[in-house]
Amino acid sequence: MAKNVRAAIEADEALSAEVAEHPDRLKAVEDMAASMANMVKYAADPGVMALWAKVQAKMRASSGSGAGPSSSAHGGGLKVSIKTLSGKTVQINADWADTVSSLKARLIQVEGKSGNSSNLPRNFKLCKASGVQLEVMEEGQSLRASGFIEGSTIFARREQHAAWGEYATCWEVGRPSPVEHAMVEA
């Protein structure tokens, strides 16, 4: 698989230029191709994850599936809804075998194309609903292993906020005004 990754990069002028500019990313992508367990090691680096998504898309396109960077033709046909920090919901085609890290990379790529990549902080986590709380999804796990339920929404959260577990975003949560507070006590 690592040879296929290198071939996909060498066949694409833009990927070759990116790897020439950041040679450490080539080793990272080859490591991930060798073993998906290595993906956890590089999950925090958005540059590596974006390159990984581009290489996967290139490899799928060259294999004749015609899948784009935000879609997947591995046969699963699973639609994943991800609610970004700005409140926008992004639809990504995936497969049950896709990892949480690959979803993050695709989300970064999709948001970057729409000019909204600034809405995603460097270290963000994907969380799933678990009752009335949000539960952080493990980076290296597949969607099936993480307990994702088809049709449910995944939430992108800042790393430091992911542990809070609440659904509300910053503009939905606020301290009650003194008048409201006085009414509650009365």
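Residues numbered from 1 in each chain as written. Predicted model: local features only at pLDDT ≥ 70, side-chain atom pairs only at ≥ 80, totals over all residues. Heavy atoms only, no water.

Caption draft 1: Region of interest: helix α2 (residues 13-21). Turning to α2, its buried residues number three or more, namely L15, E18 and V19. All buried residues of α2 project into a common sector of 95° when viewed along the axis, lining one side. Across from the buried face of α2, at angles greater than 90 degrees, the exposed residues are E13, A14, A20 and E21. Between the side-chain oxygen at the start of α2 and the backbone nitrogen of A14 there is a gap of 3.0 Å, and the oxygen is on D12. (Buried < 20%, exposed > 50% of the residue type's maximum accessible area, 1.4 Å probe, protein only. Helix = DSSP H or I, 4+ residues; strand = E, 2+ residues; numbered from the N terminus. Arc of directions from axis to C-beta. Polar contact = N/O pair within 3.5 Å; in protein donor to acceptor, adjacent residues only side chain to side chain.)

Caption draft 2: Representation of the pattern of salt bridges within the structure. Counted under the stated rule, the structure contains seven salt bridges. The salt bridge partner of K54 is E18, with a shortest N-O separation of 3.0 Å. Here K54, found in helix α5 (residues 46-62), pairs with E18, found in helix α2; they are 36 residues apart in sequence, far enough to count as distant. Of the residues examined, K54 reaches a relative accessible area of 30% and is grouped as partly exposed. Here K27 ties to D31 by a salt bridge, and the two come within 3.1 Å at their closest N and O atoms. Of this pair, K27 and D31 are both found in helix α3 (residues 23-34), four residues apart, which corresponds to roughly one turn of the helix. By sharing partners, the salt bridges in this structure join E18, R25 and K54 into a single network. (Salt bridge = Lys/Arg side-chain N within 4 Å of Asp/Glu carboxyl O.)

Caption draft 3: Seen up close, the nonpolar core. Counting 20 residues, the largest nonpolar core has V5, I9, V29, M32, W52 and V55 as its most contacted members. Of all the elements in the fold, those that place two or more residues in this core are α1 (2-11), α2, α3, α4 (39-42) and α5. Counting residues per element, this core draws most heavily on α5, which supplies seven residues. Setting aside residues no more than four positions away along its own chain, V29 makes contact with V5, V48, L51, W52 and V55. Within the second largest apolar cluster, 17 residues are counted, among which are V90, L126, L143 and I154. (Core = buried A, V, L, I, M, F, W, Y, C linked by side-chain atoms within 4.5 Å. Contact = heavy atoms within 4.5 Å.)

Caption draft 4: Highlighting the confidence of the model for the protein. Looking at the protein, pLDDT values average 74 and 69% of them are 70 or higher. Note on residues 65-75: pLDDT under 50 across the span, and 35 contacts to partners over four residues away in sequence or across chains. Overall, residues 169-177 carries pLDDT values under 50, and its contacts beyond four positions in sequence, including any with other chains, amount to five contacts. (pLDDT = per-residue confidence, 0-100.)

Caption draft 5: A look at the side chain of S146. By the secondary structure assignment, S146 is in the loop between β4 (133-136) and β5 (153-158). Its relative accessible area of 7% is what places S146 among the buried residues. From its side chain, S146 meets the backbone oxygen of L143 in a polar contact 2.9 Å long. Not counting chain neighbours up to four residues away, the residues in contact with S146 comprise K128, M137 and Q141.

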